[in-house]
Amino acid sequence: MGDGGSEVMAWQVAEETPVAVLLNGENFAVMMLTPADIEDFAIGFALTEGIVRTVAEIESLRIGEAADGLIANLSVAPARLAAVQDRRRTLAGRAGCGICGAQPRRVMGEVPSFDALTRAFAALPGAQEMNRANHTTHAAAFCSLAGDILVLREDIGRHNALDKLAGALAREGRDASAGFVLLSSRVSVEMVQKAAAIAAPALAAVSAPSALALRVAGQAGMTVFARTPAGVMMFPPGSEQ
């Protein structure tokens, strides 16, 4: 116990480092993220940002160290590189503009039951190993329709956590349309766009979505779930209208 009866607790401060994403050796973006699961992040970022449509279109991936961070160099076909030339950027921060006007990918698949969602929400805190140490990082998980957490990735940035999950699913050959994505963060339009990019038919989160996120989810045919004090709320496609 500390002075005044306060309890002293261990707190591991989360790391954050710049990661330069290169396409065929040329800079595309600089992201700030937790330096773990970098290969998953690079592959997932390429998928959710539309750089490639499938993991097979990534010819090679090299991770290296730089003076002040890390480098992820993806080799892709010149045609894919030309397709994203107008989206080339150098930035420090999150991915996803939210106002780019790109139509989300249409998704199809079963949605989980409320019992499955309740099970997944209850299991999420215990599955967040990194967050138990630093009380800071976000998580994105892929769950079965029964509510079992099958794959989970964490990062100080919620967008990065979802990119890492996307990359992990692609590397393991898992079909995102066979389950649902669970977030420890809020549902913004960027999170909907990224979930749609990997064909997830349902997205669940611990807080309510924005109105724009619901409109984009509706365009994708995606169902959104949010945990509230009153219970889990469902926002099916069209509920935003």
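A short tour of the structure in this document, coming up.

Cut-off values and rules
- Residues numbered from 1 in each chain as written.
- Predicted model: local features only at pLDDT ≥ 70, side-chain atom pairs only at ≥ 80, totals over all residues.
- Heavy atoms only, no water.
- Pairing = 2+ DSSP bridges.
- Helix = DSSP H or I, 4+ residues; strand = E, 2+ residues; numbered from the N terminus.
- Axes fitted to C-alpha atoms, helices over the stretch in contact; angles between N-to-C directions.
- Buried < 20%, exposed > 50% of the residue type's maximum accessible area, 1.4 Å probe, protein only.
- Polar contact = N/O pair within 3.5 Å; in protein donor to acceptor, adjacent residues only side chain to side chain.
- Contact = heavy atoms within 4.5 Å.
- Patch = residues over 30% accessible without salt bridge, like charges linked within 9 Å, V, L, I, M, F, W, Y side chains within 5 Å.
- Areas by Shrake-Rupley, 256 points an atom, 1.4 Å probe, with all protein chains shown as cover.
- Salt bridge = Lys/Arg side-chain N within 4 Å of Asp/Glu carboxyl O.

1. Brief notes about the sheet that holds strand 7 (residues 179-183)
- Read across the open sheet, the six strands follow the order 6-5-7-8-9-10; overall the sheet is mixed. Looking along the sheet, the strands with just one partner apiece sit at the ends: strand 6 (149-155) and strand 10 (231-235). Neighbour-to-neighbour, the strand axes of the sheet open up by a mean angle of 20°, direction not taken into account.
- Of the pairings in the sheet, the one linking strand 7 to strand 8 (residues 202-205) comprises three bridges and is parallel in character. Following the sheet pairing, Val181 is matched in strand 8 by Leu203.

2. Some thoughts on the side chain of Asp155
- Of note, Asp155 is situated in strand 6.
- Taking the relative accessible area as the measure of exposure, Asp155 reaches 0% and is therefore buried.
- Within polar-contact distance, the side chain of Asp155 engages the backbone nitrogen of Thr34 at 2.9 Å.
- Within the structure, Asp155 has its side chain in polar contact with the side chain of Asn160 (distance 3.1 Å).
- In contact with Asp155, other than residues within four places in its own chain, are Leu33, Thr34, Thr137, His138, Asn160, Ala161 and Lys164.

3. Some remarks on the pairing of strand 10
- Alignment of strand 9 (residues 223-228) against strand 10, held across five bridges, turns out to be antiparallel. What sits directly across from Val224, in strand 10, is Phe235.
- Hairpin remark: strand 9 followed by strand 10, antiparallel, with two residues in the connecting loop.

4. Notes on a nonpolar patch on the surface
- Nonpolar side chains collect at one region of the surface, where Val111, Phe114 and Met234 lie side by side and expose about 230 Å² of accessible area between them.
- Along the chain, the position of Met234 falls in strand 10.
- On the basis of relative accessible area, Met234 is assigned to the partly exposed category, the value being 36%.

5. Regarding the pattern of salt bridges
- Applying the stated criterion to the full structure yields eleven salt bridges.
- A salt bridge links Lys194 to Asp163, with the nearest nitrogen and oxygen atoms 2.9 Å apart. Here Lys194, found in helix 6 (residues 189-197), pairs with Asp163, found in helix 5 (residues 158-172); they are 31 residues apart in sequence, far enough to count as distant.
- On the accessibility criterion, Asp163 (0% relative accessible area) is buried.
- Linking Arg174 and Glu172 is a salt bridge whose minimum nitrogen-to-oxygen distance equals 2.8 Å.

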